[in-house]
Amino acid sequence: MCFEEPIGQSFSAESIKTFIFGGCVSRDTVAFARPNTFSLQRYVARQSLLSVGRNAQQDIGEIDLASPFQRRMLKGDVNGDLLAEIGKHSDVELLIWDLIVERNGVWEFPSGGIVTNSAELLRTDRGKDSVRAARKIGFGTEEHFRRWQGAVTLFAAHLKQVGMDEKVVVLAPEWARHFPDGRSLPRRRSRDIERQNENFARYYGELRRMNFSVIEVSHTVADPDHRWGVAPFHFTSSAYRTMESRLLDRVEAMRR
């Protein structure tokens, strides 16, 4: 499980003002970066691109969660508020985007509202009851990919409109297959890892085709002692250092 905002960072005037749209991959890259590297202005998590602008408030209503961060993220997803949040923070120097949240698909209601299939949504009785009236669109299916393509086209147009199209960098690490000692992740996960890596490759290819800056990292390794537990997208520090370095290279290029 991974859902909290990066904490314990110190910032300086030279820190890169950063907006995150994504999940564990971006959050941990920022959290584990060297002090004063990134100044996080906003973190929009647990929100599929398909739910952006597809308000599902009438279908779900208010869901109370103990964590203020989880509550804010779920409310943002239900309201599909990504573009509004970007508009409030268009002065950032860097927008880091990863697709990890897409892995669980979305729920579409008869009203047309869409909400991300997140752990936070399904943790409450109200959330579980609400999706009974919805239809699940699974990640990697043809329908999900085609609709995501349309959402990316609209997203790209909005980014250009607010002057942020050149500030976006997509983090695209492979899901890890092994631990540092060479042991494989559990067999059930191994099958899912291969399938998800194939699925994500198609989405990343579309982003490259649309001229997004995509940082790919292969041969990643899962951290058995990761703060948020064992998962194929919870990496050892070398992956985060690589992504941090390449983000800094990108920012340096944008500053020229």
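Residue positions are given per chain, counting from 1 as you read along its sequence in written order. Reporting of local features is limited, given that this is a predicted model, to residues whose pLDDT is at least 70; pairs of side-chain atoms are given and counted only at 80 or more, and all residues count toward the totals for whole chains, interfaces and linings. By convention in this description, side-chain values take in all heavy atoms of the structure and omit both hydrogens and water.

### Examining the nonpolar core
One broad trend across soluble globular proteins is that nonpolar side chains are buried collectively.
Here is step 1 of the chain: Within the largest apolar cluster, 65 residues are counted, with the highest numbers of intra-cluster contacts made by Leu49 and Trp97.
Here is step 2 of the chain: Only DSSP runs of H or I reaching four residues or more are called helices, and only runs of E reaching two or more are called strands; each is numbered from the N terminus. Sorting elements by how many residues they give to this core places helix 7 (residues 142-161) first, with six residues.
Here is step 3 of the chain: In what follows, a contact means two residues having at least one pair of non-hydrogen atoms within 4.5 Å. Look past the residues within four positions of Leu49 in its chain and what remains in contact with it is Phe21, Leu82, Trp97, Glu102, Trp148, Ala151, Val152 and Phe155.
Here is step 4 of the chain: By nonpolar core is meant a set of buried Ala, Val, Leu, Ile, Met, Phe, Trp, Tyr and Cys residues that side-chain atoms within 4.5 Å join together. Think of it in three bands: residues with accessible area under 20% of the maximum for their type are buried, residues over 50% are exposed, and the middle band is partly exposed, with areas taken using a 1.4 Å probe on protein chains only. Formed by 12 residues, the second largest nonpolar core is a distinct cluster that contains Ile60, Val115, Leu121 and Ala134.

### So, the pattern of salt bridges
Here is step 1 of the chain: For salt bridges, the criterion is a side-chain nitrogen of Lys or Arg within 4 Å of an Asp or Glu carboxyl oxygen. The tally for this structure, following the rule as stated, stands at 25 salt bridges.
Here is step 2 of the chain: A salt bridge links Arg147 to Glu143; the nearest nitrogen and oxygen atoms lie 3.1 Å apart. Of the two residues, Arg147 and Glu143 are both situated in helix 7; the distance of four residues between them amounts to about one turn of the helix.
Here is step 3 of the chain: Taking relative accessible area as the criterion, Arg147 reaches 26% and is therefore assigned partly exposed.
Here is step 4 of the chain: Classification of Glu143 as partly exposed rests on a relative accessible area of 32%.
Here is step 5 of the chain: Each of Arg54, Glu108, Arg135, Glu143 and Arg147 takes part in a single network of salt bridges with overlapping partners.

### Quick look at the environment of Glu198
Here is step 1 of the chain: Tracing the backbone through its elements, the reader meets Glu198 in helix 8 (residues 187-209).
Here is step 2 of the chain: A sequence separation of 24 residues divides Glu198 from Glu174, and the C-alpha atoms of the two residues are 9.5 Å apart.

### A short note on the confidence of the model for the chain
Here is step 1 of the chain: Confidence of the predictor in every single residue is expressed as pLDDT, which spans 0 to 100. A residue-level look at the chain finds 93% of positions with pLDDT of 70 or above and a mean pLDDT of 91.
Here is step 2 of the chain: Here residues 7-12 is a poorly scored stretch, pLDDT under 50, and it has 11 contacts once near neighbours within four places are set aside; other chains count.

### Some points on the sheet that holds strand 3 (residues 94-98)
Here is step 1 of the chain: A pair of strands is labelled paired if DSSP reports no fewer than 2 bridges between them. Taken in spatial order, the five strands make up an open sheet running 2-1-3-7-8, and their pairing is parallel. Two strands lie at the open edges of the sheet, namely strand 2 (38-45) and strand 8 (213-217), each paired on one side alone. Neighbour-to-neighbour, the strand axes of this sheet turn through a mean angle of 25°, independent of strand direction.
Here is step 2 of the chain: Relative to strand 2, strand 1 (residues 16-22) runs parallel, the two sharing seven bridges. Across the sheet, Phe19 pairs through a bridge with Arg42, a residue of strand 2. Interaxial angles span 0 to 180 degrees and are taken between N-to-C directions of axes, which are lines fitted to C-alpha atoms, for helices over the stretch in contact.

### Let's talk about the pairing of strand 1
Here is step 1 of the chain: Extensive coverage of strand 1 is indicated by the burial of six of its seven residues.
Here is step 2 of the chain: Note on handedness: a crossover is taken as right-handed if, strands pointing away from the viewer, the path from the first strand over the helix to the second is clockwise. In this fold, the crossover linking strand 1 to strand 2 by way of helix 1 (residues 24-31) has right-handed handedness.
Here is step 3 of the chain: The pairing of strand 1 with strand 3 spans four bridges and is parallel. Paired with Phe19 across the two strands is Leu95, which belongs to strand 3.

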